[in-house]
2 protein chains.
Amino acid sequence: MLVCNGCGSAYKEEELLWRCPCGAHFSLDKSFSMNPSMIDNKYRGFWRYNKALPIEDALSAVKIGEEFSPLVTKNWNGANIHFKYEILPTGSYKDRGIAVMLNRLRELGVKSVYEDSSGNAGASIAGYCAAADIPCEVIVPESTSRGKCVQIEAYGATLTKIPGPRSAASMEAEGRGRNSENRCENIYASHNWSPYFAHGVKTWAFEIWEQLCLAPSSELMPDAVVVPAGQGSLALGAWHAFSDLIRGGAVAKIPRIYAVQGSSCSPLYNAWTNGLENVPDVAPPEGKCIAEGIVSTHIIRGAELLQAIRSSEGAVLAIDDEKTVNALLKLAKMGLYVEPTSAVAAAAIDELYSSKCILPGECVVVLLSSSGLKTTPYIQEILDERKI
Amino acid sequence: MLVCNGCGSAYKEEELLWRCPCGAHFSLDKSFSMNPSMIDNKYRGFWRYNKALPIEDALSAVKIGEEFSPLVTKNWNGANIHFKYEILPTGSYKDRGIAVMLNRLRELGVKSVYEDSSGNAGASIAGYCAAADIPCEVIVPESTSRGKCVQIEAYGATLTKIPGPRSAASMEAEGRGRNSENRCENIYASHNWSPYFAHGVKTWAFEIWEQLCLAPSSELMPDAVVVPAGQGSLALGAWHAFSDLIRGGAVAKIPRIYAVQGSSCSPLYNAWTNGLENVPDVAPPEGKCIAEGIVSTHIIRGAELLQAIRSSEGAVLAIDDEKTVNALLKLAKMGLYVEPTSAVAAAAIDELYSSKCILPGECVVVLLSSSGLKTTPYIQEILDERKI
């Protein structure tokens, strides 16, 4: 069942609602758990955790190459940091959530979908829909990187560009969704609204658990995780995963979750610093934001996100573009090539140590959400500016 | 020791020769073996096979995120094909060979390097050199994809563009190499000449052995492998890996190796169809070649390559650009987004079945050498042409 986070109404999954008629978003009515005996060794990638995912038949699920993403340990200004480098099949962490969402919708009989995206989720849903032979339309802001647009079209999806900010693409998709809320044909498969997506994304944290806690040579437990945050699915994913692991008796606590926004669009950070219980909308930023993937003016799961971060004893940070660019170049010079959106998390590391949020010797994981190959022209601009 | 394939002379590795003074290339004087008990479970990616690699200390090796690449099974015109999708840290299979070559050179005390490349090997060596803090210059043809050039520069390497065909970049690098053959400073770290690179690349075939033969649910043995071939490192890699596995008692035979070239530059194919023992040079192709990564007019290990393919009972094929483009789009519509160079291998599948080189029911692995994100403008051109 889908349970509304606003009015508490419950609906069958088969009704294929993307949100509650009251306007609020859904969560799932069941909780999951995970421990070493629940890992499904038939699979090598995130399908290993299918017993903690909202999907009935992992074997029949459409797959496009889900191996573990690497966890690379590097020295960052004297601290040993474990970087979770999300080079998944379509090039970003979005594959985790989209794989679960799209395969669940497929189990529920969906025939065609559309979705709004800043680019990476769109590329991911286009890739999975191609493999599933489900027609797909992706609605993106006009400013979306060329690399992402070409990828979406190569997968055979219809690409619709909407002038204006990221929120204009959402409004277009949601507007259509309001007029056709309950149909198998052409449903609004919104990664940001979908509770399936939220659970799929949590597999990043299951993987670090297996890579750190269950590794033959380590048995480390992360003290802190640092993630970029637009809608906050990576932060909520960490919270879901470690909650599942606690329920499964596999770990004792949730690591502190640090969610990092770009300072030009930081509604979550604003709410955090003002001690709010929910996240008020902000106006779209003027001009280009270097971290294009996390420009979200309306945070759908704001209340849950703030609660998860608070209960983990973490925090929210906002990072300016210059620090993000410096972090991107510093990562590349360690051999980790990422898009600017990923670099915001790395850019927060120094501040987290200097403010003593993270103490020397703690086990820290920083998530790098996507490959630098996604945003060649942006990175070229950065390099050109530095040469002048 | 390094043993010359031309005159048979042997040199210490510490002499850091990139080729024999007689002009021929080197091989290593030792053979390796592999079997399940030799897998090093401290590692998850290709460092698992370090006991069969020419490297002394895998633990200290510089790493940038070496997980297994995915093996994805798809239906291709009625046949079940296992696609080995090489989305490694820098986006191509070159990381396997470069990781081993660069780390071995590092063990031997090398202080700075240069290399010629059509782009992917250059991006890879730039990435590993960044992580190893070894200054690096990459010499590429002027026509190299922007995505690869930006990536090389982001890693902090010096990018030198040479007008003319791919061979002009090689001539520049080799010319410099002839004038300074024996120096720790600024050595010619040529992936095409290096025997370390050749052994690193073989890990792709160790992985399919583990993914197919040792998987809990399968125990399949590949009957045939299909790879794109420029210098032929993937084909030789398959031959090395399965030879090591035979020596280790892990498998009984080498799969048939099918090496696929683009028809606009196909010296290996010419030699094969003419029944030669070595590969004569060809003239650089006129105009753009869609499979830019395998345009090689001079094949360094031609004799070994022909011998390996013959002894495996495989063959060499040449595929025209139109078939390559069709295969690229067909792969994308299965959720596998690759660069054109990768698509030549997939384009050969139909011909291999229709000519009965491969029989229905055989276990077939097709290697996809790199991500489509490497060549956004090329793929955009392809999409634009199809729309007209």
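Sequence order sets the numbering: in each chain, residues are counted from 1 along the sequence as written. Labels follow written order: the first chain is A, the first ligand is 1, and so on. Only residues with pLDDT of 70 or above have their local features reported here, since the model is predicted, and side-chain atom pairs are shown and tallied only from 80 upward, although totals for entire chains, interfaces and linings are computed over all residues. Heavy atoms throughout the structure, all of them, feed into the side-chain values; hydrogens and water do not.

Here we look at the relation of the copies chain B and chain A
Phase 1 of the analysis: With an RMSD of 0.0 Å, chain B superimposes on chain A once it is rotated by 180 degrees and translated 0.0 Å along the axis. Taken together, these values place the two copies in the relation of a two-fold axis. Ranked by how close their C-alpha atoms come to the rotation axis, the residues of chain B are headed by B:Leu373, at 2.8 Å.
Phase 2 of the analysis: A shared interface surface links the copies, since 100% of the contact residues of chain B are contact residues in chain A too. Only residues with pLDDT of at least 70 in both copies count here: their C-alpha atoms drive the least-squares fit that superposes the copies. Throughout, a residue-residue contact means that at least one pair of heavy atoms, one from each residue, lies within 4.5 Å.

Description of the environment of B:Gly65
Phase 1 of the analysis: Each helix is a run of DSSP H or I of at least 4 residues and each strand a run of E of at least 2, with the numbering of both proceeding from the N terminus. For B:Gly65, the location among the structural elements is in the loop between strand E3 (26–28) and strand E4 (71–76).
Phase 2 of the analysis: Partly exposed residues are those whose accessible area sits between 20% and 50% of the maximum for their type, while under 20% is buried and over 50% is exposed, using a 1.4 Å probe and protein chains only. Residue B:Gly65 is classed as buried on the basis of its relative accessible area, which comes to 6%.
Phase 3 of the analysis: In this structure, the C-alpha to C-alpha distance between B:Gly65 and B:Phe242, residues 177 residues apart in sequence, is 25 Å.
Phase 4 of the analysis: With near-sequence residues (within four places) excluded, B:Gly65 lies in contact with A:Pro70, A:Val72 and B:Pro89.

Description of helix H3 (residues 146–154) of chain A
Phase 1 of the analysis: Counting buried positions over the nine residues of H3(A) gives seven, a clear majority of the element.
Phase 2 of the analysis: As for H3(A), its buried residues are in contact with helix H2 (120–132), strand E7 (136–141) and strand E8 (158–162) of chain A together with helix H10 (321–332) and helix H13 (376–387) of chain B.
Phase 3 of the analysis: Positive phi shows up at A:Gly156, right after H3(A), with a value of about 95 degrees.

With respect to the interface of chain B and chain A
Phase 1 of the analysis: Facing 44 residues of chain B, the contacting portion of chain A comprises 44 residues.
Phase 2 of the analysis: Accessible surface is computed with a 1.4 Å probe, and the buried area is the amount of it that two parts give up when combined, taken over both parts together. When the two sides are added together, the surface that chain B and chain A hide from each other amounts to roughly 3,800 Å², 60% of it contributed by carbon and sulfur.
Phase 3 of the analysis: The salt bridge criterion pairs a side-chain nitrogen of Lys or Arg with a carboxyl oxygen of Asp or Glu, the two atoms within 4 Å. Between the two partners, chain B and chain A, sit zero salt bridges.
Phase 4 of the analysis: Side-chain atoms alone can form a polar contact between residues adjacent in sequence; in general such a contact is a pair of N or O atoms within 3.5 Å, and within protein one must be able to donate a hydrogen while the other accepts it. Here chain B is connected to chain A by eight residue pairs in polar contact (both at pLDDT 80 or more).
Phase 5 of the analysis: Those elements that provide at least two residues to the side of chain B that touches chain A are E4, helix H2 (120–132), helix H3 (146–154) and H13 of chain B.
Phase 6 of the analysis: Amino acids outside the nonpolar list (Ala, Val, Leu, Ile, Met, Phe, Trp, Tyr, Cys, Pro) and the charged list (Asp, Glu, Lys, Arg) are all regarded as polar, and Gly is one of them. Its residues assigned to classes, the side of chain B that touches chain A shows 22 nonpolar, 13 polar and nine charged.

Overview of the confidence of the model for chain A
Phase 1 of the analysis: Across chain A, the average pLDDT comes to 94, with 98% of residues at or above 70.
Phase 2 of the analysis: With pTM at 0.96, the complex prediction returns an ipTM value of 0.95. Values of pLDDT, which run from 0 to 100, indicate the predictor's confidence residue by residue.

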